[in-house]
Amino acid sequence: MRQSLTRLGPAAVAIPGIAAALLLGGCGSGQDNATVKPSGPSTPGSSAPGQAGKTRLTITVRESQTSQAKTRTLTCDPVGGDLAKAKEACAALATAGAAGKDPFAPTPKNVMCTQIYGGPETATVTGTWNGKKVDSTFSRKNGCEIKRWGTLGLLFGPHPPVR
């Protein structure tokens, strides 16, 4: 049996409104937790001596669990490696660093994420960024992870559509 909206009363409007607010607000808190580690015996959060500004990354992407992994490299200062759009990728990383953000930070554990599946793609980024050690994993398993993937999309290649 179908009930009319007037018979359901305020719940007919409130429940979809709450659901929409949860979906739109569930993609992160705006705060990044650092995963970048010092690459030497220097003070936490600072670059190792002689490593300031050094970016050397190895990016491994899999389209699915059973697909062949594709590995690319990126260096900045000077720009190099075999990553397509290396110059743009270095610029995006420099912009994130200048804004004080860590593009390699994981989603904080206390954040609610929308349960939108973006696809089976996974990526691993290792190396150094601005002289700091990076070892980060990316997926597209929910809204928060899709957002992280999109932030570094130039590192991972063509952006697959959300499925």
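Because the structure is predicted, anything quoted here is derived from the model rather than measured.

Each value, and the rule that gives it
- Residues numbered from 1 in each chain as written.
- Predicted model: local features only at pLDDT ≥ 70, side-chain atom pairs only at ≥ 80, totals over all residues.
- Heavy atoms only, no water.
- Helix = DSSP H or I, 4+ residues; strand = E, 2+ residues; numbered from the N terminus.
- Buried < 20%, exposed > 50% of the residue type's maximum accessible area, 1.4 Å probe, protein only.
- Contact = heavy atoms within 4.5 Å.
- Polar contact = N/O pair within 3.5 Å; in protein donor to acceptor, adjacent residues only side chain to side chain.
- Core = buried A, V, L, I, M, F, W, Y, C linked by side-chain atoms within 4.5 Å.

## Things to note about unusual backbone geometry
Working step 1: Here the residue pair Asp 77 and Pro 78 is connected by a cis peptide bond, since its omega of 5 degrees sits within 30 degrees of zero.
Working step 2: Examined against the element boundaries, Pro 78 turns out to sit in the loop between strand E3 (70-76) and helix H3 (86-98).
Working step 3: Even without a glycine there, the phi angle at Asp 77 is positive, about 60 degrees.
Working step 4: You can see Asp 77 is positioned in the loop between E3 and H3.
Working step 5: A positive phi is found at Asn 130, a non-glycine position, where the angle reads about 55 degrees.
Working step 6: Looking at the secondary structure, you find Asn 130 in the loop between strand E4 (122-129) and strand E5 (132-139).
Working step 7: Using a relative accessible area of 27% as the deciding quantity, one classes Asn 130 as partly exposed.

## Section: the environment of Glu 145
Working step 1: Inspection of the secondary structure puts Glu 145 in helix H4 (residues 143-151).
Working step 2: Between the alpha carbons of Glu 145 and Ile 116 there is a distance of 9.7 Å; along the sequence they are 29 residues apart.
Working step 3: Beyond its immediate chain neighbours, meaning those up to four positions away, Glu 145 contacts Thr 107, Ser 139 and Arg 140.
Working step 4: At 2.9 Å, the side chain of Glu 145 and the side chain of Thr 107 are in polar contact.

## Quick word on the environment of Gly 118
Working step 1: On the secondary structure map, Gly 118 appears in the loop between H3 and E4.
Working step 2: Since its relative accessible area comes to 0%, Gly 118 is described here as buried.
Working step 3: Each C-alpha atom, one on Gly 118 and one on Glu 145, is 8.6 Å from the other, the two residues being 27 residues apart in sequence.

## Quick word on the nonpolar core
Working step 1: Among the nonpolar cores identified, the biggest contains 20 residues, and Leu 74, Phe 104, Leu 155 and Phe 156 are the most heavily contacted of them.
Working step 2: Within the residue set of this core, elements represented by two or more residues are strand E2 (55-62), E3, H3, E4, E5 and helix H5 (153-156).
Working step 3: Examining the composition of this core, we find that four residues originate from one element, H3, more than from any other.

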